[in-house]
Amino acid sequence: MLKKNLANVEAAIEASCKKGGRTRESVTLIAVSKTKPAELIQEAYDAGVRDFGENKVQEICDKYSKLPGDIRWHMIGHLQRNKVKHIIDKVCMIHSVDTYRLAEEINIQAKKHNVVMPILIEVNIADEQTKFGVQKEDAIQLAEEISHLDSLRTEGLMVVAPYVENPEDNRKYFQEIRQLAVDIENKNLDNVVMRRLSMGMTGDYTVAIEEGATMVRVGTGIFGARSYKQGPNNL
Ligand SMILES: *Cc1c(COP(=O)(O)O)cnc(C)c1O
């Protein structure tokens with residue numbers, strides 16, 4: 001099942017790369033393994049996947065200790081400042097930076113561990129109240145503010161586009177994100193190299209790739225539907 005899903009996703013990525021005039025190497029597939037058990041992640045690993053996305057600190061810590069050391073873990077969910085210290089030495093990138101205060105804490109912890117942490121600025125492109133991320137209008141200012149934090153490197157933007165039936169409806173947002181990255185790059189800020197666009201999920205990653213995504217985050221399309229336990233622990 002998982003192997004077949006992966007093969008389908010891989011074929012769709014290749015087709016979109018072709019359509020968008022991109023090389024396959026220019027797009028990283030991040031398998032979003034949140035809520036999925038270590039055994040299933042191991043199965044994806046055995047099929048060749050090395051990049052995995054998680055949205056909870058506790059889950060990263062649990063899975064990190066159980067799974068191969070060459071996995072690249074991506075933090076893609078909302079991150080509380082007091083938890084940064086638990087993942088600073090475990091993740092290869094934090095996709096979800098949306099406040100100066102969070103960036104500042106990542107900088108402090110990165111310095112402590114003698115690393116430079118690659119981060120992305122999360123943009124709330126459709127101005128959805130339920131979502132995290134900075135408003136589009138505020139993204140440049142945040143990039144400017146964090147550019148003096150020298151233990152982090154801003155490498156691009158991340159977006160969680162609205163849930164839509166037709167992925168074409170999100171094309172305009174992906175185009176806006178790409179343009180925003182160009183605008184920020186043109187500011188020539190210290191510690192800012194806008195070379196990554198983390199956009200596209202199961203419902204819309206093909207369109208995102210056509211519009212320049214360099215990282216797609218696919219969960220359901222690889223692992224199947226997620227079943228959440230009911231109850232307050234899920235909040
Ligand atoms: C869950 C999640 C995904 C994957 O969503 P699917 O629709 O299952 O592919 C991608 N990005 C983020 C930030 C997520 O939280």
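You'll find the structure just up there.
Here the residue numbers are simple positions, counted from 1 along each chain's written sequence. Thresholds applied to this predicted model are a pLDDT of at least 70 for local features of residues and 80 or more for the giving and counting of side-chain atom pairs; totals over whole chains, interfaces and linings are not thresholded and use all residues. The basis for every side-chain value is the complete set of non-hydrogen atoms in the structure, without hydrogens or water.

A. Structural context of the environment of N170. A run of DSSP states H or I qualifies as a helix once it reaches four residues; a run of E qualifies as a strand once it reaches two. Both are numbered from the N-terminal end. With respect to the helices and strands, N170 occurs in the loop between β6 (152–159) and α7 (171–185). N170 sits 30 residues away from G200 along the chain, and the two C-alpha atoms are 9.2 Å apart. In this view, N170 contacts A161, P162, V164 and D204; residues no more than four positions away in its chain are not counted. Whether two residues are in contact is decided by their heavy atoms, any of which lying within 4.5 Å being enough.

B. A look at the side chain of S198. Position of S198 relative to the elements: it lies in strand β7 (residues 192–198). For every residue, the accessible area obtained with a 1.4 Å probe (protein chains only) is divided by the maximum for its type, and the residue is called buried under 20%, exposed over 50%, and partly exposed between those limits. Among the residues examined, S198 registers a relative accessible area of 0% and is labelled buried. Residues contacting S198, with those up to four places away along its chain left out, are H95, L120, L157, M158, V159, M215 and R217.

C. Here's a closer look at the packing of aromatic side chains. The aromatic pairing rule takes the rings of Phe, Tyr and Trp, using the six-membered ring of Trp, and pairs them if the centres are within 6.5 Å, calling planes under 30 degrees apart stacked, those over 60 edge-to-face and the rest tilted. Inspection of every chain in the model, using the stated rule, returns 1 aromatic pair. Aromatic pair F52 and W73: ring centres 5.9 Å apart, planes at 40°, arrangement tilted. Of the two residues, F52 sits in strand β2 (residues 51–54) while W73 sits in strand β3 (residues 72–75), which places them 21 residues apart along the sequence. You can call F52 buried: its relative accessible area is 0%. The buried category is assigned to W73, whose relative accessible area is 2%. Only when the NZ of Lys or the CZ of Arg is both within 6 Å of the ring centre and within 35 degrees of the ring normal is a charge said to sit over the ring. The ring of Y45 carries R50 above its face, with NZ or CZ at 3.5 Å from the centroid. Positioned over the ring face of Y173 is K172, at 4.6 Å from the centre of the ring.

D. Seen up close, helix α2 (residues 38–46). Turning to α2, its buried residues are A38, I41, A44 and Y45. Axial view of α2: buried residues confined to an arc of 115°, hence all on one face. Of the exposed residues in α2, those oriented more than 90 degrees away from the buried face are E39 and D46. Those residues of α2 hidden inside the fold are in contact with α1 (2–19), β2, α3 (57–66), β3 and α9 (220–223). Following α2 by one or two positions, G48 adopts a phi angle in the positive range, close to 115°. The directions considered for the arc run from the helix axis to the C-beta atoms.

E. Layout of the pattern of salt bridges. Salt bridges, as used here, are contacts in which a Lys or Arg side-chain nitrogen is within 4 Å of a carboxyl oxygen on Asp or Glu. Under the criterion given, the structure shown has 16 salt bridges. E10 is the salt-bridge partner of R24, the closest N and O atoms lying 2.7 Å from each other. Of this pair, R24 sits in the loop between α1 and β1 (28–32) while E10 sits in helix α1, and the two are 14 residues apart along the sequence. Between D51 and R72 there is a salt bridge, and its shortest N-O distance comes to 2.9 Å. Placement of the pair is D51 in strand β2 and R72 in strand β3, with a sequence separation of 21 residues. Judged by relative accessible area, R72 falls into the partly exposed class, the value being 40%. Salt bridges linked by common partners bring K19, E168, R171, E210 and E211 together as one network.

These figures capture arrangement, not role.
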